Amino acid sequence: MNRRYRAGGRTAALPVIVIAGLFLSLSAFLLIRSATSQAEHALADRQAIQLHDELKAGLERQSMLLRALSGPLAGPAPVTEASFASAAEPLLPLYPNLRAVAWARRISERNAPLLERAMHSAGYTSFAVRDAGEGGVREHGTAGMAADRFVNVLAEPQSAAGLIGLDMGSLAGQRDVLVRSCASNRLVAAEGEPLRAELGENSVLLYLPVYTREVEDDPGRLIEPIVCDLLTGFLWTSFDIGQLLRDAVRRVSLSIGDVYLLEPPVRPDMGAPRMLAAEGMIGRPGELPHPPVNPLTVEQLTGAMAPHAIVRDIAFAGRVWRLYVLPDAARLFSADDRLAWTMLIGGILLTAGVAAYVLREARTKRLLRTEARARAAMARALRESEERFRLALRYSKVTLFSQDRNLRHLWIYCPRTDLHPERMIGRTDAELFPADEAARMSAIKRSVIESGTGTRCELEVTYGGSRRVLDLSVEPMRDETGAVAGIVCAAIDMTESVEIREALSRAHAEAERANQAKSRFLAAASHDLRQPFQAMSLFHHILMSKLDDPQQVEVANKLGEALTAGNTLLSTLLDTSALEVGNVKPRVAEFDVQDILARLSLEIGDQAIDRGLQLRTVYCSARVQSDPILLERMVRNLLVNALRYTTEGRILLGCRRRSDADGGFRLSIEVWDTGPGIAKAEMTAIFEDFYRCGTDQRDSGRGLGLGLSIVRRMSQMLDHPVTVRSQVGRGTVFAVSVPLVEQHCPCSAAAE
């Protein structure tokens, strides 16, 4: 070795060490720098996606604002300035970038003077329907939407009041946008720069069509001839797209570069894209958004100057905005490259290279030890899981087994002692079970083998002379190639559960037969039970005409009260029985509900006066569709129930018009009382048979508790839902919902 050293070995070895060290260090430097650049690009791409999502969410919020405010405009009630302001004012603070939201009402050319007079009457003395200053030439001789005006009659906030009276269809290029929005029944963004002078730079308009009724959204085809006839106007909003971008940059905390928002031309022949907004990156936490330090022009941004820009298209409301995220250009010396420079300088030194090698080896050993410990822990967890699984199977009723494609048993586990797995291995179902049962099981299992899809069913088998009901689950078992090599089955013994279910079914059927027999008996005995009461009532009437002694008359009156109470209770029982058996068939007709209200007011009014109560009936001119006799009995039972439980105060009988879920209208017949009220726990029980709320069940002075039960049965028969609201100590409200017959006003038909 000494001879080699003296012969020049040292001179030959040093360049090799230096060259190898420099090569390795430079390679590490380039790899780390490349990884850093990729990480920065990935971060820029991720932040571009986040900005895209934030801007799309901001645009969707504008859509939500329009849809939230369009509900009252589509309703039958007129929307006034106060109602529109009350609906919009709570929402305006949630949209800091909002510049205006307005309602453009659709009117024909001949109705423009009528609208001006109506607005003058509403307080807008200077209101006038006007066209835009530019592009306001209207086409003559046209029909439909092309001849109508879309005049702003409501606007929020107050700073946008100057737009009231402006015909939005007269703006340059906007009538085609309105026609397209109406025909497709979709939210549409305005083209060009309408109202830029009134609403400021970078303002974007969104139109939402509003119809007289709900219209299905079908983007695949235009339905202009049908839909546009139902159009009442457009609800539109204008917002600052620059503020929207600024808010998105603040939420994302853009830290990788500058961002630009461009509006591409609608057609290629319309020129270059338009710059809408630009924001710079946020260099420090807590820094406010600001414009780019060195902003780029549209030509620089879309040309060869920015080949590494990340571009995302934002499609919304029929328009496309283009988002450019321009990451910072990579610099040779930057804080992100400190690790690469450290590795380069350290690689030059031999000691740093040796230390790095040792560190790498130690790290590898630690990883190996960590992996070994993780594998050992996984093995222990698998063993514990297997032991728990075996213990769970041991004390359960689950039988597991597998079969090959020929349905021969390969493996079986069963906790039952009367089943011997060793006798089943290698045998098929045909060798273990009766022929018909084996055929059913084989058909189920072969369908799983052929289709490769598992199944589950309930199966009855006979084994060892005893009947068993199994919940059988069959799943395919696949080999290394993915082909079905057999099946894996799990069977749960459900014999006891099935026997209990069958016993319950038999008991239920027996109870149903008994209930039907009882109902048939009461229905058959209706005439025989009523006849003695009618005879006693006749004899009581004759007796009253022959008595002169006051004491005898008093006794006879009490006898009459007892006969009346008994006859009432018997009629209630027989009515309930008739409803249960189904002997009562409704006869639906159209009639004035006031006829029923008037009769009940006379009938119940005297009884209310005798009890010191006040019965008030509100007149109603509506016509309903129902069985008048059954509906009158329902309302009478509710009134009698209110009269029975109210000790002081008053009872109110009235009607309200309500809208249903299908867009129609129903009449709510309501009975209000000032009684003791009903607790929430009893709201459902009061409609059950023989239930009397808050009274002693032995108290016969308040009936048998069948009045509300009869109301429930009649409501189900007539499809008239009954609802109840109550407050303990304040009173109760019962309401019956009845279909309302639509009445067309002759003056409305003439106007149409």
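Here goes a summary of the coordinates provided. Counting restarts for each chain, with residues numbered from 1 along the sequence as it is written. Residues qualify for local features only when their pLDDT is at least 70, as the model is predicted, and side-chain atom pairs are given and counted only at 80 or more; totals for whole chains, interfaces and linings, by contrast, use all residues. The side-chain values count all of the structure's non-hydrogen atoms but skip hydrogen atoms and water molecules.

Remarks on the overall build of the chain
Right, on to step 1. Helix numbers and strand numbers start at the N terminus; a helix is a DSSP run of H or I with at least 4 residues, a strand a run of E with at least 2. Scanning the chain from N- to C-terminus turns up 19 helices and 21 strands.
Right, on to step 2. When a residue's accessible area, from a 1.4 Å probe over protein chains only, is under 20% of the maximum for its type it is buried; when over 50% it is exposed; and in between it is partly exposed. Scored against the burial criterion, the 752 residues of the chain give a buried share of 37%.
Right, on to step 3. Using a 1.4 Å probe, accessible areas were evaluated by the Shrake-Rupley method; residue-level cover was limited to the displayed protein chains. Of the roughly 44200 Å² of accessible surface on the chain, a fraction of 56% belongs to carbon and sulfur atoms.

Brief notes about unusual backbone geometry
Right, on to step 1. At the junction of Glu156 and Pro157, the peptide bond is cis and its omega measures out at -5 degrees in the coordinates.
Right, on to step 2. Topologically, Pro157 is positioned in the loop between β2 (149–156) and α4 (174–184).
Right, on to step 3. With phi around 55 degrees, Asn185 is a residue other than glycine that occupies positive phi space.
Right, on to step 4. Looking at where Asn185 falls in the secondary structure, it is placed in the loop between α4 and β3 (188–189).
Right, on to step 5. Even without being a glycine, Ala317 presents a positive backbone phi close to 55 degrees.
Right, on to step 6. Turning to its location among the elements, Ala317 is positioned in the loop between β8 (310–316) and β9 (319–327).

What to know about the pattern of salt bridges
When their charged atoms lie close together, side chains carrying opposite charge are able to pair.
Right, on to step 1. One side-chain nitrogen of Lys or Arg within 4 Å of one carboxyl oxygen of Asp or Glu is enough to make a salt bridge. Under the definition given, this model contains 25 salt bridges.
Right, on to step 2. Residue Glu510 is joined to Arg513 by a salt bridge in which the shortest nitrogen-to-oxygen separation is 2.3 Å. With Glu510 and Arg513 both in helix α13 (residues 495–524), this residue pair falls three residues apart, about one helical turn.
Right, on to step 3. What makes Glu510 partly exposed here is its relative accessible area of 45%.
Right, on to step 4. Between Glu632 and Arg636 there is a salt bridge, with its nearest N and O atoms 3.0 Å apart. On the criterion of helical spacing, the pair formed by Glu632 and Arg636 is a turn pair, its members being four residues apart in helix α17 (residues 628–645).
Right, on to step 5. Glu632 gets classed as buried once you look at its relative accessible area, which sits at 11%.
Right, on to step 6. One continuous salt-bridge network, built from bridges that share partners, spans Glu109, Asp131, Arg149 and Asp167.

As for the pairing of strand β21 (residues 731–739)
Right, on to step 1. Judged by how many residues are buried, β21 sits mostly within the fold: eight of nine residues are covered.
Right, on to step 2. When DSSP locates at least two bridges between a pair of strands, those strands are taken to pair. Pairing of strand β20 (residues 722–727) with β21, which is carried by six bridges, proceeds in the antiparallel orientation. Bridging across to β21, Val724 finds its partner in Phe734.
Right, on to step 3. Linking β20 back to β21 in an antiparallel pair, the connection comprises three residues, with Gly729 at a positive phi of about 85 degrees.

Observations concerning helix α12 (residues 435–451)
Right, on to step 1. Take the number of residues in a helix, subtract one, and multiply by 1.5 Å to get its expected span. Counted at 1.5 Å a residue, the expected span for α12 with its 17 residues is 24 Å, and the 24 Å between its end C-alpha atoms agrees.
Right, on to step 2. Along α12, the residues classified as buried are Glu437, Ala438, Met441, Ser442, Ile444, Lys445, Val448 and Ile449. Buried residues of α12 fall within an arc of 165 degrees about the axis and therefore sit on the same side. In α12, the exposed positions that point more than 90 degrees away from the buried face belong to Ala435 and Glu450.
Right, on to step 3. The contact rule is simple, with two residues in contact once any of their heavy atoms fall within 4.5 Å. The secondary structure elements touched by the buried residues of α12 are β10 (398–404), α11 (429–432), β12 (455–463), β13 (466–478) and β14 (484–493).
Right, on to step 4. Gly452 sits one or two positions beyond α12 and adopts a positive phi of about 75 degrees. In this description, the arc belongs to the directions extending from the helix axis to the C-beta atoms.

Points about a nonpolar patch on the surface
Right, on to step 1. Nonpolar side chains (Val, Leu, Ile, Met, Phe, Trp, Tyr) are joined into patches within 5 Å and like charges within 9 Å, using only residues with over 30% relative accessible area and no salt bridge. On the surface, a cluster of nonpolar side chains totalling about 300 Å² of accessible area is made up of Leu538, Phe539 and Ile542.
Right, on to step 2. Assignment of secondary structure puts Ile542 in helix α14 (residues 526–546).
Right, on to step 3. Since its relative accessible area comes to 36%, Ile542 is described here as partly exposed.

Keep in mind these numbers describe shape, not what the thing actually does.
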